[in-house]
Amino acid sequence: MIGDMTAAAVIESVSGPVVKALRHAPLSVGEAVSVGPAGLLGEVVRVSAGQCTIQVYEETTGLRFGDAVIGSGQPLSVRLGPGLLGNIFDGLLRPLQQGGEEVQYTVLPLLEAGEKVQAGQRLARLEGPAKEQFVLVPHDLPEGVLGWIASGSAGENDVVARIALEDGSEREIGMIEHWPVRQPRPVRRRLAPNKMMVTGQRILDSLFPVARGGRAAIPGGFGTGKTVLQETLAKWCDADVIVYVGCGERGNEMAEVLHEFPKLEDPRSGRPLMERTVVIANTSNMPVAAREASIYTGVTVGEYFRDQGYNVTLMADSTSRWAEALREVSGRLGELPSESGYPAYLSSRLSEFYERAARVETLAGKKASLTLIGAVSPPAGDFSEPVTSHTKRYVRCFWGLDRGRAQARFYPAIHPLQSYSEDAANLVEWWTKQGNPNWRAWRERLLVLLEEQANLERMARIVGKDALPAEQQVKLLCADLVGNAFLRQSAFSKVDRYCSPERQTAMLGALIQFFDAAEQAVSEGVSPDDIAGSEFYRRMARMNEEIGEGEADRFAELIAHMEREMATLKRSDVDAV
Amino acid sequence: MLFDLHAEDLVTAIEGPLVFLRRNVNVGLGDAVEVSHAGGDGRIGRVVAIDGDQVVVELLEDTTGLGIEDARIRFLGEPMLMPLGTGLLGRIFDGLGRPRDGGAPVAARVERRIDLAVINPAERGLPQDFILTGVSAIDVLNSLVRGQKLPIFSAGGLPHDKLATSIAQSARLLKEDGQDFAVVFCGIGVSHDSAESFRAAMEHSGALEHTAMFLNLASEPTAQRLLTPRYALTAAEYLAFDEGRHVLVILTDMTNYCEALREVSASHGEIPSRKGYPGYMYSDLATIYERAGWVEGRPGTVTQLPILTMPADDISHPIPDITGYITEGQVVMDRELDHRGIYPPIEVRSSLSRLMDQGIGEGFTDPDHPSLAQQLFASYARAAQVRILSSVVGREGLTPTDRLYLDFGDRFEAEFVQQTGVRELEESMEIGWRVLSLLPPVELSRLSDEQIATHIRAETASG
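Computed from a predicted model, the values in this text were never measured in an experiment.

## Some words on the domain arrangement of chain A
Interfaces are often described in size by the accessible area the parts lose on coming together. By domain assignment, chain A separates into domain 1 (9–75), domain 2 (102–176), domain 3 (189–394) and domain 4 (439–576). Using only C-alpha atoms to locate each centre, domain 1 of chain A and domain 2 of chain A end up separated by 36 Å.

Pasting the structure below:
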């Protein structure tokens, strides 16, 4: 990448990842530079007369006064190509696994020589070790005519097509594209977010759904299950491509993803999950400045696959580490700190990031989306701190994790009263198409019940549970059931780790029937304790573990069983009175 | 060695541990420096900042007695290196990796930098070998696996040293294969007697020849504390990845480390973040904790058991908070349990082992282990709620089921958490099933009917 080999500047001082240099040739803000004899990658963040400040993306120990800084003339860019899927990269998209021989792809042309082409159009399909991908006409190319296109086997660095431009010149198109990470890739237009991203997690899909092209935040103190939830989403959500950004988190977690994903099967395609996944790892012990870049790198990779026509979901774990990297670099630059020491531009950086999520029509006219899900790690689990509160302003779904639930190992520990989804209103039609026209009403009933549960438990703490009237006790019973049978979903249970929209509908239906039956029975004199102690209540409470996918008739049996037993209870209880 | 340069008349100022030099030699950031004066030994330091006209050296030893005029600087031209070779075990080193037991220095086979070992995440192996610690609250509920970093969140006056020592003495794999193990004890700002009592306990159990100790005592310079864990971990990595041992590293007390970090950061004039700790404390602690793990294709592992004392028993204090975000769980000690005479006073609800699910269950421990742990957590959480309720409405105001929960909570603490010797896993699990059988089966929603039939009903019948 480094073209001009003459030093543009020489190092004057070094402070952590920040290097100040005396400049004697032009360098522009945002330009990628090579620093020192080892050629460390850096980015110019400030220039002034005779000086410049560089953020270095690698360990700076050993840099000396007078070491050369060489400009590249290019903004900080990443190398995009078909080799991304199924592999792991560092924060600047350099491979962490040294692969063996060059991968060969089968090129299947989609256009013929002589056809007119325009930016963003699919030129050819690539078949290789991961899922199929496409070679696109570069975004910066004006209209042209396809002169030649390859067919058959080709490597990553081979020329795939030649396009004749209007000015008579010719441009070679390969599989590899370089794109500046901080610049969003263009699209034709944005579409309304009215398709749901199925996560397979009941509390999300049924209560707090996220739309394709939506943006969600998962805030939670340590140990509340952010990472497990992110991994669960990465495993079971119905995206075509997953970009998993481990930003300042644990190395062993990355190892977990790398070991587990190749063994797990995508429930829809039956292929190993790794084939649709790109892992970007800047673990907490890797250079801090690259952590700042890794988020943009991830989004750029997400947009690259979106432009091929895919629905992409990006998981960023955790955006707080990224914000801290901003803070650290800002501190070293000597900028004035704002709230909690974060730079004043924290909020605008967050909004720039989340704004890159969208459901779009690509330049080639395909419908595609990029959904962003960011974990937030608030210090001491306090949601009022700057990163959480600013994030809240830019996301549409907020899945707040609760320490109390996590301590009872009630996972996912999403607190239903602290969470929300602005996408829910747009998804009623989607659920109707899935065969659940009652979704909005059922969802509201569940949310109201959970709200009542909180109030009644507060009351029970004062007067004792026994002192509550029977119709309130049955409310508590129903709410307990919602918690145990519906909201709780073990990521480690083979039966329950994924729940399809059909099964969610069946479970919701069973719960609603139970609420009606139980309230009716109690109003006729049945004691709530008898319902709680009954065999059918236990069956209802364990339906998430006992009735798996594709066993819809067993839910019908369960409801019939429940109604029969409820009738028996009515007879015995009412007779006894 | 690139060069070995002596210079005089360079020092412009000495402030606390920092020595300011005129910048007329070309040194690199992090380079080692030796500062001496007439009639004194060389004192070790490192370059911490370089700018246009000065070089700042941080001395890792006392600056007392140094003067501007007679200070003599020796630049070693490379970062600090640690000599490593056979014979690390059974030895005691100081905070900078030099022998403090009067023995000869370790015969160096290699010299390594103490701060550059970053394991490539793509080369890490997945930690999943269950370690039996003999402590029920850890083995059943917060299992430790090889290559994990599991800190003990404790507080002043709680028996964390006793617990760590007992784990160091008895930890082994469930299916003991007699592979080489080693313990690296790293004392950071510890008192002489706690270091000595650890040494004595290891000697008593005959494990001293498997142990290497790195001690920075409370009386020794603060700046050294930042390096002591790095020396200890460099040694641990050598023992694990070169000699193929399974190394358990005990780091105590990480709170002293963080205090030293704050002190040194303040002396550098850096902008403080939460409670005066530097903003990079997360990244800095990560460079220590992330050195746990194992590398695919290498024989040994490094498991970390850091101990920290929570200032004012506050788990939301930056030190435990940041640690909890980096480590793979935590074992939390509770003062109230300790007051009630329960040893080990482990508060299981706030404790967590993130790698537990990879190392337990079918093929690892017992097929019913995950369900048992889930049910114990769920029931104990409910018992804790009922306790709050009963403190308001009294035991009489509770429903009969809630009264059973109260009893369950008490017996769980008295029989399951409380223990005197070490326990086998079977014994721990059996106690778990036994206390659960106090509750009516309908309450046990995390267990399957078969599990209730096998474990709970049987317990009720025999008990």
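We are not done yet, so read on.
## Some words on the side chain of T505 of chain A
All names here are of chain A. Position of T505 among the secondary structure elements: in helix α12 (residues 501–523). A polar atom in the side chain of T505 sits 2.8 Å from the backbone oxygen of P501. Excluding its chain neighbours within four sequence positions, the residues that come into contact with T505 are W431, G435, N436 and W442.

## Quick word on helix α2 (residues 226–236) of chain A
With 10 of 11 residues buried, α2 of chain A lies mostly within the body of the structure. Turning to α2 of chain A, its buried residues are K226, T227, L229, Q230, E231, T232, L233, A234, K235 and W236 of chain A.

## Digging into the nonpolar core
As a rule of thumb, nonpolar side chains are buried together in soluble globular proteins. W399, V482, F514, F515, I531, M543 and M566 of chain A are the most contacted members of the largest nonpolar core, which totals 85 residues. Take this core: its biggest share by element is 11 residues, from α12 of chain A. Shared between two domains, this core holds at least three residues of each, these being domain 3 (189–394) and domain 4 (439–576) of chain A. Sequence-distant contacts of F514 of chain A, defined by excluding residues within four places in its chain, comprise C478, L481, I531, F536, Y537, M540, M562 and M566 of chain A. Counting residues in each nonpolar core, the second largest holds 68 residues, with A137, A195, L337 and L389 of chain B among its members.

## What to know about the sheet that holds strand β18 (residues 301–309) of chain B
Residue and element names in this part refer to chain B. A sheet is described by the order of its strands in space; here 8 strands give the open sequence β9-β16-β15-β17-β18-β13-β19-β20, paired in mixed fashion. Edge positions in the sheet fall to β9 (92–94) and β20 (352–353), since each of these pairs with one other strand and no more. With 2 bridges joining them, strand β19 (residues 329–332) and β20 adopt antiparallel strand pairing. Residue pairing across strands places Q330 opposite L352, the latter belonging to β20.

## A word on unusual backbone geometry
The omega angle of the peptide bond from Y411 of chain A to P412 of chain A is -5°, so this bond is cis rather than trans. One can find P412 of chain A in the loop between α8 (403–407) and β26 (420–421). Here the amide bond leading from T252 of chain B into D253 of chain B is cis, since omega sits at 5°, within 30 degrees of zero. The residue D253 of chain B is located in the loop between β17 (246–252) and α6 (254–267) in this model. Of note, the phi angle at L93 of chain A is positive, near 65°, even though the residue is not glycine. Relative to the assigned elements, L93 of chain A resides in the loop between β8 (88–89) and β9 (104–109). Looking at L93 of chain A, the relative accessible area reads 6%, which means it is buried. Non-glycine residue K275 of chain B carries a positive phi angle of around 50°. In this fold, K275 of chain B is placed in the loop between α6 and α7 (281–289). We classify K275 of chain B as exposed; its relative accessible area is 52%.

## Regarding the packing of aromatic side chains
If you walk through the whole model with that rule in mind, you get 17 aromatic pairs over all chains. Seen in terms of ring centroids, F222 of chain A and Y325 of chain B are 5.7 Å apart; in terms of plane orientation they differ by 75°. Their pairing is edge-to-face. Of this pair, F222 of chain A sits in the loop between β19 (215–219) and α2 while Y325 of chain B sits in helix α8 (residues 318–326), placing the two residues on different chains. You'll find F222 of chain A and Y325 of chain B in the same group, each marked buried. Between Y380 of chain B and F412 of chain B, the aromatic rings sit 4.5 Å apart at their centres with planes inclined by 35°, giving tilted as the arrangement. Here the residue Y380 of chain B occupies a position in helix α11 (residues 369–393), and F412 of chain B occupies one in helix α12 (residues 400–417), the gap between them amounting to 32 residues. For Y380 of chain B, a relative accessible area of 7% gives the class buried. Feature note: the residues Y296, W322, F353 and Y354 of chain A constitute an aromatic cluster, connected by ring pairs. Over the ring of Y296 of chain A we find R182 of chain A, and its NZ or CZ is 4.9 Å from the ring centre. The aromatic ring of Y325 of chain B is capped on one face by R321 of chain A, whose charged end is 4.7 Å from the ring centroid.

## Observations regarding the domain arrangement of chain B
By the assigned domains, chain B splits into domain 1 (5–79), domain 2 (83–359) and domain 3 (369–462). The straight-line distance from the C-alpha centre of domain 1 of chain B to that of domain 3 of chain B is 62 Å.

## Overview of the packing of α11 of chain B against helix α13 (residues 425–436) of chain B
Residue and element names in this part refer to chain B. Where α11 contacts α13, the two axes come as close as 11 Å, and the packing angle between them is 45°. Considered as vectors, α11 and α13 are oriented oblique to each other. The two elements α11 and α13 cross, and the hand of that crossing is left-handed. Taken together, the residues of α13 that come into contact with α11 (itself represented by H369, L372, Q375, L376 and S379) are L425, M429, G432, W433, V435 and L436.

## What about the pattern of salt bridges?
Using the criterion set out here, one finds 77 salt bridges over all chains in the structure. Of the charged contacts, one joins R503 of chain A and D496 of chain A as a salt bridge, the two residues approaching to 2.9 Å between their closest N and O atoms. Summarising the burial analysis for this pair, R503 of chain A and D496 of chain A share the class buried. One network of salt bridges, with partners in common, ties together E535, R538, R539, R542 and E546 of chain A together with D449 of chain B.

The rules behind the values
- The numbering scheme is per chain: residues are counted from 1 as the chain's sequence reads.
- Chain labels run from A onward and ligand labels from 1 onward, assigned in the order the entries are written.
- Note on the predicted model: pLDDT of at least 70 is required for a residue's local features to be given, and 80 or more for side-chain atom pairs to be given and counted; whole-chain, interface and lining totals, by contrast, use all residues.
- Working from all heavy atoms in the structure, the side-chain values ignore hydrogens and water.
- Residue ranges for the domains trace back to a domain assignment, done automatically or taken from a database.
- Here a strand is any run of E in DSSP of at least two residues, a helix any run of H or I of at least four, and the numbering for each starts at the N terminus.
- In protein, a polar contact means a hydrogen-donor-capable atom and an acceptor-capable atom, both N or O and within 3.5 Å, with residues adjacent in sequence counting only if both atoms are side-chain atoms; elsewhere, any N or O pair within 3.5 Å suffices.
- Contacts are residue-level and defined by heavy atoms, with any inter-residue pair within 4.5 Å sufficient.
- A 1.4 Å probe rolled over the protein chains alone gives each residue an accessible area, and that area as a share of the maximum for its type sets the label: buried under 20%, exposed over 50%, partly exposed in between.
- Here, nonpolar core refers to any group of buried Ala, Val, Leu, Ile, Met, Phe, Trp, Tyr and Cys residues whose side-chain atoms link them within 4.5 Å.
- Note on pairing: DSSP must find at least two bridges between two strands before they are called paired.
- Under the pairing criterion, centres of Phe, Tyr and Trp rings, with the six-membered ring standing for Trp, must be within 6.5 Å; the plane angle then separates stacked pairs below 30 degrees from edge-to-face pairs above 60, leaving the rest tilted.
- Think of it as a cone above the ring: NZ of Lys or CZ of Arg counts as a charge over the ring if it is within 6 Å of the ring centre and within 35 degrees of the ring normal.
- In this analysis an axis means a line fitted to C-alpha atoms, helices contributing only their contacting stretch, and an angle means the value between N-to-C directions, from 0 to 180 degrees.
- Small angles under 35 degrees read as roughly parallel and large ones over 145 as roughly antiparallel, with 65 to 115 read as roughly perpendicular and the rest as oblique.
- Working rule for handedness: look at the near helix, and if it is turned counterclockwise from the far one by less than a right angle, call the crossing left-handed; if clockwise, right-handed.
- Salt bridges, as used here, are contacts in which a Lys or Arg side-chain nitrogen is within 4 Å of a carboxyl oxygen on Asp or Glu.

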